[in-house]
Amino acid sequence: MLRIAFFLLTSGLAIAVASASPTQTSEPSLPQTPKPAVAYAEWNSLVLQALDGDASSATAIGRMYAHGSGTARDVPEAMRWLTRGVDLGSDEAKRELGLLLLRGESTPKDPEHAGSLLHDAADAGDAEAQAALGVMYAYGDGVPQDWALAVDWSQKAAEQGDPWGQANYGLFLETGRAGPADPVQAAEWYRRAADHGFALAQARLGLLYQNGSGVQHDPAKAFELYLRAANENDPIGERLLALAFHDGIGTQPDENETVAWLKRSAGHGDAEAMFLLSEDYARGLGVARDDQAAWRYLLNAAEHGHVLAAARIGNEDAGGTDHQEAARWLRIAIDKAKQQASFFPEDPQTDRGRQLALARYNLALLLMSGDGTPKDVPQAIELFQTASDHGCARATDQLARMYRQGVGVVRNNTTAVKLYEAAASNGIGSAAFDLAEGYNAGWAGERNKPLALQWYRRAAALGYPPAWFALGRFYEEAQGVARDNNEALTWYQLAGNSKVVAAELRLGDIAHLAQFGQVRNDEIARRWYSLAAAQGDGAAEEKLGDLYWQGAAGVSRNRTEAVHHYKVAAERGIASAARKVAVAYANGDGVPPDDTQMLRWSRQAARAGDPEAEGMVGYAIMIGIDGSYDLVEAATLLKLSSESAHSTDWRNHAAAMAREAESKLTRPEREALNSRLARWRSTLDGE
């Protein structure tokens, strides 16, 4: 449903702006000079006079090129002739060239040069240049931002009868930029411009009548003014007229008229009308629902400078694959909002405010990773902070993690805790979980199991699945609560059903090992392990391999299938799984016997630190399977295996083989062995 939106400006006065685009209704507008009327002069004559040094002729030619009047529009040519007019001393040329440079249409924008030219023209009394300077000082565009000068130049233009100056000066009076808010005086200035057919002033005056601000409440008068502006093909007047038809302001509600006038306004370039049509087509309000039309109008609105439209597109793209396009739209939304901030302050409670905060968060994430835009951690931190200040709890959570880890900022656990608490209080479950982990580990303060439990419960209540698994652990291990296997199993199942890998593994173990009073059921275990494996967990692949290798309780023995799972687990970094593949090749169990493959997988497991695999490689070298017969290397690996293998039998077996290898070493070889062992042990101690 189309609604009337009330935007609060910084003065504290509510200006009733009927879903109006802030760039065209609640902000000052640059003057649009009329097309030159030069039909009375022959083109060649103008050119000759200009070449002879006539400033007005050079200026007229420049204006004709600038407006496409009597010739094709050609901005570079316009600038060439206007520059000649400036050199010949024409204040009108200074104004026209200044406006071209200020707008940057078909030419690079140069607000500083524009400001110099417009100042000269304004000092000479040119009203339109004065109106333009008022807008420049309001925005701080090419000149220092200065409200007093913005008001002063706008007033000078207004008192000369310039409609743009009158409309802008009226806006400054209405919003309290010229002193205490004075909608009565604002209405008077709007009326002066409106009476001369100036559509923007008619629209703004209509809004005052619609809301009874500075004038008597008169919806019929508001409708009349909107209609006058709309009949002048003014896009803002057309949009306000559409909303009047929608809400029955001074007329009977009429959805057909609403849609027709919105389309006409959009066709004349009004971004807010485009946005409203996008909303209507997306929801099927007054028109048949059409997602393609909704997207087309949203994109057009963004391309015409609509902040909310650009933010929505950027935020949607940030969740997709085209992050370069996402970064572009996010920057457009953020930069445009910054430009509008003086006239359209952000309200975190509105959709616009929320989308902008999210836009800063998403752009900051892209800047952190350099994804779609050059990496810039300092700018990312600034955006995270601004987003957090504007109510984006996800940005607060991200800042907390950065302070905890010392990423882009000096590591500070105290600051991290405060940020985590703020994020958790705004509904971020992961923040509550990280706090729980902090109190459990002792980095958030003194180690405190009861406090950790409170935060785990908070995270669980916020729907954060890892917290459900953590609570299961607390109940299983009696950490701060009485041991309760049924309660633990309930939390594990909640977490497992939400794809928490650790919970899936634990539930598989419970079923396989018949824990918590459950009957052993390897079919259920296989289901849980398979779910974890599908998420890329190597330990789960190894456990699946073990089930198929052993075969029992609902899972048939299948050594070939077991080796397949062991290989997948080994490729995911599980050293013991690589050793099990090696054993399979050594024994020809599930795969053909193959000493080369046995050595390949044994070495992989040994390099990953598996002590049994170290012994296997050492024995293979000692008996010459690999062809090297390096007794020092063999003795080294066997010795390491004998010291750290998990099985007592394996340690004893490795020790016996190590002694056999050592007995064959020469004195220099023994010294080499001791040197290698010392190096390996120091490495292990360092880990």
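Parameters and conventions
- Residues numbered from 1 in each chain as written.
- Predicted model: local features only at pLDDT ≥ 70, side-chain atom pairs only at ≥ 80, totals over all residues.
- Heavy atoms only, no water.
- Phe/Tyr/Trp six-rings, centres within 6.5 Å; stacked < 30°, edge-to-face > 60°.
- Helix = DSSP H or I, 4+ residues; strand = E, 2+ residues; numbered from the N terminus.
- Buried < 20%, exposed > 50% of the residue type's maximum accessible area, 1.4 Å probe, protein only.
- Lys NZ or Arg CZ within 6 Å of the ring centre and 35° of its normal.
- Patch = residues over 30% accessible without salt bridge, like charges linked within 9 Å, V, L, I, M, F, W, Y side chains within 5 Å.
- Areas by Shrake-Rupley, 256 points an atom, 1.4 Å probe, with all protein chains shown as cover.
- Salt bridge = Lys/Arg side-chain N within 4 Å of Asp/Glu carboxyl O.

Draft legend 1. Layout of the packing of aromatic side chains. All chains considered together, the criterion is met by 12 aromatic pairs. Note on Tyr281 and Tyr297: the rings are 5.8 Å apart at their centroids and 10° apart in plane angle, and the pair reads as stacked. Taken together, the residues span a long stretch of sequence, with Tyr281 in helix H14 (residues 271-283) and Tyr297 in helix H15 (residues 291-303) at a distance of 16 residues. Tyr297 matches Tyr281 in its accessibility class, with the two residues each being buried. Centre to centre, the rings of Phe469 and Tyr492 are 5.4 Å apart; their planes meet at 40°, and the pair counts as tilted. Here Phe469, found in helix H24 (residues 465-477), pairs with Tyr492, found in helix H25 (residues 485-497); they are 23 residues apart in sequence, far enough to count as distant. Relative accessible area serves as the criterion here: at 0%, Tyr492 is assigned to the buried category. The rings of Phe433, Tyr456, Tyr464 and Phe474 are connected pair by pair, giving a single aromatic cluster. A cation over a ring is seen here: Arg404 above Trp443, with NZ or CZ 4.1 Å from the ring centre. The side chain of Arg527 reaches across the aromatic face of Trp528, ending 4.7 Å from its centre.

Draft legend 2. Expanded view of a nonpolar patch on the surface. The grouping of Tyr619, Ile623 and Ile625 at the surface amounts to a nonpolar patch, some 250 Å² of accessible area in total. As for its placement among the helices and strands, Ile623 is situated in the loop between helix H32 (611-622) and helix H33 (631-644). For Ile623, a relative accessible area of 42% puts it in the partly exposed group.

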